[in-house]
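A structural walkthrough
This is what each chain is made of:
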Amino acid sequence: MNTPTASPDPSATPAPAPAPAPAPASAGPLRGLRVLDLATLFAGPLAATMLGDFGAEVVKIEHPRRPDPSRGHGPSKDGVGLWWKLLGRNKRTMTLDLSGPGGRDVLLRLAAGADVVVENFRPGTLERWGLGWEELSAANPRLVLARVTGFGQFGPYAHRPGFGTLAEAMSGFAAVTGEPDGPPTLPPFGLADSIAALATAYAVMTALSGRERTGRGQVVDLAIIEPILTVLGPQPLWYDQLGYVQPRTGNRSRNNAPRNTYPTSDGHWVAVSTSAQSVAERVMRLVGRPELIEEPWFAAGTTRAEHADELDEAVGHWIARRTREEAVSAFEKAEAAIAPVQDVRDVLEDPQYRALDTVTEVDDPELGPLRMQNVLFRLSETPGSIRWAGRPHGADTEEILTELGLSPSRIAALRAEGAL
């Protein structure tokens, strides 16, 4: 999107220069968008991945001696971290120590040809390195700087270390998750980070849309504690207007019933939802309890929820005498809402996921064929794609710096000073 002119002197003070050359041709709608991913663990990098999935040219910049920790998170195969293969897909990788003058100068040159920078350092860190918004916007007034931190750029907690777990606790998510007589429950995966990544990608595209009108870039300040609070629904509104604090209810809902997980006769589980009144009525007819539909309390979800014990007993007794396949088939015929409780093995065999190609195969030069989640949604005219899985640490450093206009001697000097 930006096309600044290269500096003729590769060792001169930072000046506008071409961003890294485009990745292999893509028909994605973000083709030509240039993104620098400076972030780690996990919201910022995942937002950059989402942009890359739809054609953006993403360069992942990692410290020369401290790679992105996601490379070592979770299981690995042959010494290669598998999480990174997902998080690093569609990104070229280079190393750069931003805290020194050599790394600073290279980053400013890269930023001059970029559209977006994504970072998640503690507030003030980039400024301390001479890479704050003042310097970045001077190098490129059209740049969008996405700053993704635990608590945002200001406020009493801004300088605390922040992780998704803290957001899951602070937002109220953990307080409402778990059994009524059990402890608050945290998710066993990066829920807050993933929600923040979606919000960051949306925020970046919103800022870029604004740039089309103003001609200027801007700063995106995204605190991980905020998007998860949004998806929790109207809890602040309920408390503000009614003094209502949502309790832990396990799998049940205060808004409708029956809504729970139920064991089947063959040792599996299914989940049932009755958010719609018509579906609740179909369920009760199916399980042989149509008389409950005539009860005055059955007419609304909130009053049905007050009778969850009775409704759960009716549904659970019917399901417990059937296999998972029998229960799902009967509910489907009755046009009632049910789903098997699946683990990852079931997901990979599920015919609906297979039809959608939700988990697709990617050929990787390090590990061979890999199966991972596909791009997030389908576009009929300009679809996204996975062009490659996460690449080795610093694999493209030399190529990117050469494309930037740096001479072999300058690259060697940067290596000697530890900037690469």
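Look above for the structure.
Here is a short report on the structure shown in this document.

In this section: the packing of aromatic side chains. Evaluation of the coordinates by the stated rule reveals seven aromatic pairs. Ring geometry for Phe 121 against Trp 129: centres 5.1 Å apart, planes inclined by 75°, an arrangement best described as edge-to-face. Positioned over the ring face of Trp 388 is Arg 387, at 5.4 Å from the centre of the ring.

As a further point, take a negative patch on the surface. Side chains of Glu 294, Glu 295, Glu 310 and Glu 313 sit close together on the surface and give a patch of like negative charge. Within the secondary structure, Glu 294 sits in the loop between helix H11 (277-286) and helix H12 (301-305).

In space, the six strands of this open sheet follow the order E5-E2-E1-E6-E7-E8, with parallel pairing throughout. In this open sheet, the two strands that pair with only one neighbour each are strand E5 (91-95) and strand E8 (219-223). This sheet shows a mean twist of 20° between the axes of neighbouring strands, independent of strand direction. Packing against the sheet, helix H1 (residues 43-53) makes contact with strand E1 (34-37), strand E2 (57-62), E5, strand E6 (116-119) and strand E7 (144-149), and its axis sits at approximately 155° to E1.

Here we take up the sheet that holds strand E9 (residues 260-263). Spatially, three strands are ordered E9-E10-E11 in an open sheet, and the strand pairing comes out antiparallel. Of all strands in the sheet, those bounded by a partner on one side alone are E9 and strand E11 (337-340). Each strand axis lies, on average, 30° off the axis of its neighbour in the sheet, ignoring direction. Docked against the sheet, helix H14 (residues 324-333) engages strand E10 (269-273) and E11, running at close to 155° with respect to E11.

With six of six residues buried, E2 is to be regarded as a mostly interior element. Side chains Glu 57, Val 59 and Ile 61 of E2 all project onto a buried face; the interleaved residues Val 58, Lys 60 and Glu 62 project onto the opposite face, where all are buried too. Taken together, the four bridges between E1 and E2 define a ladder with parallel strand orientation. In the sheet register, Leu 36 faces E2, and the bridge partner there is Val 59. Taken together, E1, H1 and E2 constitute a β-α-β crossover, and its handedness is right-handed.

Take the packing of H1 against helix H8 (residues 191-214) next. Where H1 contacts H8, the two axes come as close as 8 Å, and the packing angle between them is 50°. The orientation of H1 with respect to H8, classified from their angle, is oblique. Crossing hand, H1 versus H8: right-handed. Contacts between H1 and H8 involve Ala 43, Leu 46, Ala 47, Met 50 and Leu 51 from the former and Asp 193, Ser 194, Ala 196, Ala 197, Leu 198, Thr 200, Ala 201, Val 204 and Met 205 from the latter.

The next point concerns the packing of H11 against helix H13 (residues 308-320). At their nearest, the axes of H11 and H13 sit 10 Å apart, and the two run at 55° to each other. One finds that H11 runs oblique with respect to H13. Our pair here, H11 against H13, has a crossing hand that is left-handed. Contacts from Val 283, Met 284 and Leu 286 in H11 reach Leu 311, Ala 314, Val 315 and Trp 318 in H13. Among the residues making up the contact of H11 with H13, the classes are represented as seven nonpolar, no polar and no charged.

At the junction of Leu 41 and Phe 42, the peptide bond is cis and its omega measures out at -15° in the coordinates. In this fold, Phe 42 is placed in the loop between E1 and H1. Along the chain, Ala 257 connects to Pro 258 via a cis peptide bond; the corresponding omega equals -5°. Relative to the elements of secondary structure, Pro 258 occurs in the loop between helix H10 (235-242) and E9. A positive phi is found at Asp 78, a non-glycine position, where the angle reads about 55°. Relative to the elements of secondary structure, Asp 78 occurs in the loop between strand E3 (76-77) and strand E4 (80-81). You can call Asp 78 exposed: its relative accessible area is 69%.

Rules used in this analysis
- All residue numbers refer to positions counted from 1 along the written sequence of the respective chain.
- Residue-level local features of this predicted model are given only where pLDDT is at least 70; pairs of side-chain atoms are given and counted only at 80 or more, and the full residue set underlies all totals for whole chains, interfaces and linings.
- The basis for every side-chain value is the complete set of heavy atoms in the structure, and neither hydrogens nor water enter the calculation.
- Any two rings among Phe, Tyr and Trp, with Trp reduced to its six-membered ring, count as a pair given centres within 6.5 Å; such a pair is stacked if its planes are under 30 degrees apart, edge-to-face if over 60, and tilted if neither.
- Definition used: whenever NZ (Lys) or CZ (Arg) falls within 6 Å of the ring centre and also within 35 degrees of the ring normal, the charge is taken to sit over that ring.
- For patch detection, residues must exceed 30% relative accessible area and be free of salt bridges, and they are connected within 9 Å for like charges or within 5 Å for nonpolar side chains (Val, Leu, Ile, Met, Phe, Trp, Tyr).
- Surface accessibility follows the Shrake-Rupley procedure with a 1.4 Å probe radius. Residue values consider only the protein chains on display as shielding.
- The rule for a salt bridge is simple: a side-chain nitrogen of Lys or Arg has to be within 4 Å of a carboxyl oxygen of Asp or Glu.
- In summary, the charge assignment counts Lys and Arg as positive and Asp and Glu as negative, without counting His or the chain termini.
- Lys charges are placed at NZ, Arg charges at CZ, Asp charges at CG and Glu charges at CD.
- Think of it this way: any DSSP run of H or I at least four residues long counts as a helix, any run of E at least two long counts as a strand, and we number them from the N terminus.
- Strands pair, by our definition, only if DSSP identifies at least two bridges between them.
- To define axes, lines are fitted to C-alpha atoms, for helices over the stretch in contact only, and angles between the resulting N-to-C directions are given on a 0 to 180 degree scale.
- Working rule for contacts: check all heavy atoms of both residues, and any pair within 4.5 Å makes them a contact.
- Remark: exposure states derive from per-residue accessible area (1.4 Å probe, protein chains only) relative to the maximum for the residue type, with buried under 20%, exposed over 50%, and partly exposed in between.
- Handedness is read with the strands pointing away from the viewer; a crossover is right-handed when the path from the first strand over the helix to the second is clockwise.
- Orientation is classified from the angle alone, with under 35 degrees giving roughly parallel, over 145 giving roughly antiparallel, 65 to 115 giving roughly perpendicular, and any other angle giving oblique.
- Less than a right angle of anticlockwise turn of the near helix away from the far helix marks a crossing as left-handed, whereas a clockwise turn marks it as right-handed.
- Any residue that is not Ala, Val, Leu, Ile, Met, Phe, Trp, Tyr, Cys, Pro, Asp, Glu, Lys or Arg is counted as polar, Gly included; the first ten are nonpolar and the last four charged.

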